[in-house]
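# Architecture and fold: a report
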Amino acid sequence: MEKTEKIWVDGKFVDWNDAKVHVLAHALNYGTGVFEGIRVYETSKGLSVFRLKDHVKRLMDGCKVMGLKLDYTFDEIFNAIKETVRINKKVDYVKPCVFLCGEAVGLNPIGVPVKFAITSVYLGSYLGKDAQEKGASLITSSWLRPWNLAAPAGAKVNGVYVTSCLAKMEAKQCGADEAVMLNAQGNVAECTGENIFIFKRGKLYTPKPADSILEGITRNSIMEVAADLGYDVVETEISRIDMYTADEVFMTGTAAEVSVVTKIDERVIGDGRPGKVGKLLAGKFSDIVRGKDPKYEKWLDRV
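The sections below set out a description of the structure shown in this document. Please read these numbers as outputs of a predicted model, since none were measured by experiment. (Residues numbered from 1 in each chain as written. Predicted model: local features only at pLDDT ≥ 70, side-chain atom pairs only at ≥ 80, totals over all residues. Heavy atoms only, no water.)

## With respect to the packing of helix H2 (residues 52-66) against helix H3 (residues 74-87)
Relative orientation of the contacting elements H2 and H3 amounts to 125°, with a least axis distance of 10 Å. Viewed along their axes, H2 and H3 adopt a mutual orientation that is oblique. Two packed elements cross with a definite hand, and for H2 against H3 that hand is right-handed. In this structure, H2 contributes Leu52, Lys53, Val56, Lys57, Leu59 and Met60 to the contact, and H3 contributes Phe74, Ile77, Phe78, Ile81 and Lys82. Here the residues of the contact of H2 with H3 are counted per class, giving eight nonpolar, no polar and three charged. (Axes fitted to C-alpha atoms, helices over the stretch in contact; angles between N-to-C directions. Helix = DSSP H or I, 4+ residues; strand = E, 2+ residues; numbered from the N terminus. Parallel < 35°, antiparallel > 145°, perpendicular 65-115°, else oblique. Left-handed = near helix turned anticlockwise from the far one by under 90°. Contact = heavy atoms within 4.5 Å. Nonpolar A, V, L, I, M, F, W, Y, C, P; charged D, E, K, R; others polar.)

## A closer look at the packing of aromatic side chains
Per the counting criterion, the structure on display carries 10 aromatic pairs. Seen in terms of ring centroids, Phe35 and Tyr161 are 5.2 Å apart; in terms of plane orientation they differ by 70°. Their pairing is edge-to-face. Here Phe35 is found in strand S3 (residues 33-35), whereas its partner Tyr161 is found in the loop between strand S8 (136-140) and helix H5 (162-173), with 126 residues between them in sequence. The exposure class of Tyr161 is buried, given its relative accessible area of 11%. Here the aromatic cluster, defined as three or more aromatic residues joined through ring pairs, consists of Phe50, Phe285, Tyr296 and Trp299. Directly above the aromatic system of Tyr122 lies the positively charged group of Lys90, at a separation of 4.3 Å from the ring centroid. For the cation-ring pair, Arg267 lies above Tyr244, with the distance from its terminal atom to the ring centre recorded as 4.4 Å. (Phe/Tyr/Trp six-rings, centres within 6.5 Å; stacked < 30°, edge-to-face > 60°. Buried < 20%, exposed > 50% of the residue type's maximum accessible area, 1.4 Å probe, protein only. Lys NZ or Arg CZ within 6 Å of the ring centre and 35° of its normal.)

## What to know about helix H8 (residues 276-289)
For H8, spanning 14 residues, the distance from its first C-alpha to its last is 20 Å, which sits close to the expected 20 Å at 1.5 Å a residue. The set of residues buried in H8 consists of Val277, Gly278, Leu281, Phe285, Ile288 and Val289. Around the axis of H8, the buried residues are gathered within 95° of arc, so they sit on the same side. The exposed set on the far side of H8, more than 90 degrees from its buried face, consists of Lys276 and Lys279. Phi for Gly291, located one or two positions after H8, is positive at around 75°. (Expected span 1.5 Å × (residues − 1). Arc of directions from axis to C-beta.)

Here is the structure:
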């Protein structure tokens, strides 16, 4: 990650090094915040933010879930994110975050002040060049994905991602690129920051929202694109055995985009090479986000 010059904080731009909170900030101590990750791409018409409207809507929905008072309208957030991209020189990823910044000791969040920050960075390839070209390796994490009765699994809540951090660390310590997390029922939920798809018997399968997943915006995009290409896309329970025996496996996420998987728990997926469906969808997605497919122009918000 490469940092940028300015960060938007409560309606004003401040220098990167001046964007600070107190060590007793409620969000720092208890994870009380909501965030988004949004990709920015170069196109022939200039920089574009991918599905910005959908990301803003999900951010606002997350604030409702957490009971965070957001003193900005949809349009104000939308325009602030675009302005943050404009004012910085090298940006491919934007991270808005609404969080409780007040100095507080104790779990009660009621009355704690809210802060809203928008940070932009240059992220590059999230999983690395080798994982993108040769396919990623996964482990099944010993950490379960928080389920809907225990946490707001369907919202991008800061504290919920502690489990993802633990699972990611576990994967890296095992020499893998990513970890897949199971849910309370023992079925596949998602990876640490990505949704997961398998291709088997001519159909695409992905866990359904009730399986304690985040309904990813990239996930939604790929489901629509795959259907447009003639593939059946089924939301259903997926077991570990379904993953191991799939013809193909791939992940989708804002940071990871579309990343094929060639190994899970030291078991080779398919023939051990990136499969044709995953490669097709990855290539199609790359064209769409860079403005090369006018059919999906609706998903591009020009900066």
